[in-house]
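Notes for the structure review
Here is how the chains run, residue by residue.
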Amino acid sequence: MTSVDEILTGTFRLAHFRPHQREVITDILAGHDVVCVMPTGAGKSLCYQLPAVAVGGLTIVVSPLIALMADQVQQLRELSVPTLLLNSSQDASKQRETLQRVRAGFQGILYVAPERFAAPSFRALLPQLRPRLFVVDEAHCVSFWGHDFRPEYMRLAEIRETLGSPVTVALTATATPQVRTDIIAHLKLRSPKMH
């Protein structure tokens with residue numbers, strides 16, 4: 001496997017890690033579930049994008065922020081990282097094309113909105129998918145105590161089990177101890193590493 005430093009400089013074109021990124025990435029690559037609380041702009045995205053490239057296969061990223069997803073997809077494509085997007089901002093034909101690529105064994109990062117898991121066409125596909133990583137961005141949305149509670153997030157533990165319980169990364173910029181406890185409980189994380 002290519003070293004994380006080679007992927008950092010070669011794929012992501014970055015000279016060095018920001019504080020705490022290497023530790024988070026090391027835990028993910030060691031197969032641990034991870035809860036990562038970092039301020040906005042501290043580099044949370046790289047904490048799962050680099051492991052996704054390192055382990056290969058499919059990574060599913062759940063994010064409620066459609067504009068942010070689109071930005072990340074564009075940035076990753078510019079870096080030649082295989083990336084797909086599936087959300088309500090796309091027309092029906094684009095959604096069908098994306099689902100077809102996923103069904104055909106897409107290897108890369110798939111960004112999905114949490115509402116997508118309620119769509120029968122996507123739900124039917126889930127048992128066939130075996131992602132290496134399952135990433136929950138804005139993970140505070142899982143908590144009643146979080147400032148952005150989203151009921152769709154309550155289904156993510158069940159989704160994760162349907163996907164074969166892959167290594168799971170929960171990311172948020174803000175999480176009180178209560179919210180962190182909720183994230184671990186509601187996603188059914190296994191002895192997660194806290195960062």
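Located above this text is the structure these notes cover.
What comes next concerns the included structure. (Residues numbered from 1 in each chain as written. Predicted model: local features only at pLDDT ≥ 70, side-chain atom pairs only at ≥ 80, totals over all residues. Heavy atoms only, no water.)

Structural notes on the environment of serine 93
Threshold: Numbering goes from the N terminus for both helices and strands, where a helix is a DSSP run of H or I of at least four residues and a strand is a run of E of at least two.
Residue placement: serine 93 occurs in helix α5 (residues 92-103). When the C-alpha positions of serine 93 and arginine 130 are compared, they lie 25 Å apart, and in sequence the two are 37 residues distant.

Describing the pattern of salt bridges
Going by this rule: Salt bridges, as used here, are contacts in which a Lys or Arg side-chain nitrogen is within 4 Å of a carboxyl oxygen on Asp or Glu. The rule is simple: take the accessible area with a 1.4 Å probe, protein chains only, and divide by the maximum for that residue type; under 20% is buried, over 50% is exposed, in between is partly exposed.
Enumeration over the complete set of coordinates arrives at 6 salt bridges. Notably, a salt bridge pairs arginine 160 with aspartate 33, separated by 2.8 Å at the nearest N-O pair. Of this pair, arginine 160 sits in helix α7 (residues 156-162) while aspartate 33 is found in the loop between α2 (21-29) and β1 (34-37), placing the two residues 127 residues apart along the sequence. Judged on exposure class, the residue arginine 160 and its partner aspartate 33 are both buried. Three or more residues are tied together by salt bridges with common partners; here these are Asp33, Arg160 and Arg190.

Focus: the layout of surface pockets
Where we set the bar: Note on definitions: the grid is 1 Å and covers protein atoms alone; a cavity is a set of points where a 1.4 Å probe fits but cannot get out; a pocket is an open set with protein on both sides within 12 Å along at least five of seven lines; lining residues have an atom within 4 Å of a point. Grid points are joined across faces, edges and corners, and a volume is the space filled by probe spheres set on the points. Residue type decides the class: Asp, Glu, Lys and Arg count as charged, Ala, Val, Leu, Ile, Met, Phe, Trp, Tyr, Cys and Pro as nonpolar, and the leftover types, Gly among them, as polar.
Here the largest pocket is characterised by a volume of approximately 660 Å³. The wall of the largest pocket is formed by 28 residues, among which Gly43, Lys44, Ser45, Leu46 and Gln72 lie closest to the centre. Among the elements of the structure, α3 (44-55) and α4 (66-78) are those that each provide at least two residues to the lining of the largest pocket. Grouping the amino acids of the lining of the largest pocket by side-chain chemistry returns 11 nonpolar, 12 polar and 5 charged.

Quick word on unusual backbone geometry
The phi angle of most residues is negative, glycine excepted, and most peptide bonds adopt the trans form. Phi is positive for histidine 20, close to 75 degrees, though the residue is something other than glycine. Within the chain, serine 80 stands out as a residue other than glycine whose phi angle is a positive 65 degrees. The topology assignment puts serine 80 in the loop between α4 and β3 (83-86). Serine 80 gets classed as exposed once you look at its relative accessible area, which sits at 62%.

Brief notes about α3
This is how it is decided: For a helix, the expected span equals 1.5 Å multiplied by the number of residues minus one.
Compared with the 16 Å implied by 1.5 Å per residue over 12 residues, the 18 Å span of α3 between its first and last C-alpha is a close match. Summarising burial for α3: 9 of the 12 residues are buried, a large majority. Residues Lys44, Leu46, Cys47, Tyr48, Gln49, Leu50, Pro51, Ala52 and Ala54 constitute the buried set of α3. Note on α3: the residue one or two positions beyond its end, glycine 56, has a positive phi of about 70 degrees.

Here's the deal with the pairing of β1
To be explicit about the condition: Strands were regarded as paired on the criterion that DSSP finds at least two bridges between them.
Pairing geometry for β1 and strand β6 (residues 167-172), over 4 bridges, is parallel. Along β6, the bridge assignment pairs valine 37 with threonine 172.

Here's the deal with the pairing of β6
Within β6, 6 of the 6 residues are buried, which leaves it mostly tucked inside the rest of the structure. Going residue by residue along β6, you find Val167, Val169 and Leu171 tucked away on one face and Thr168, Ala170 and Thr172 tucked away on the opposite face as well. Pairing of strand β5 (residues 133-136) with β6 involves 4 bridges; the strand directions are parallel. Looking across to β6, one finds that phenylalanine 134 is bridged to threonine 168.

Regarding the side chain of threonine 59
Operational definition: In what follows, residue pairs with any heavy atoms lying within 4.5 Å of each other are defined as contacts.
Inspection of the secondary structure assignment puts threonine 59 in strand β2 (residues 59-62). Of the residues examined, threonine 59 reaches a relative accessible area of 0% and is grouped as buried. With residues up to four places along the chain from it excluded, the contact list for threonine 59 reads Ala52, Gly108, Ile109, Leu110, Leu133 and Val135.

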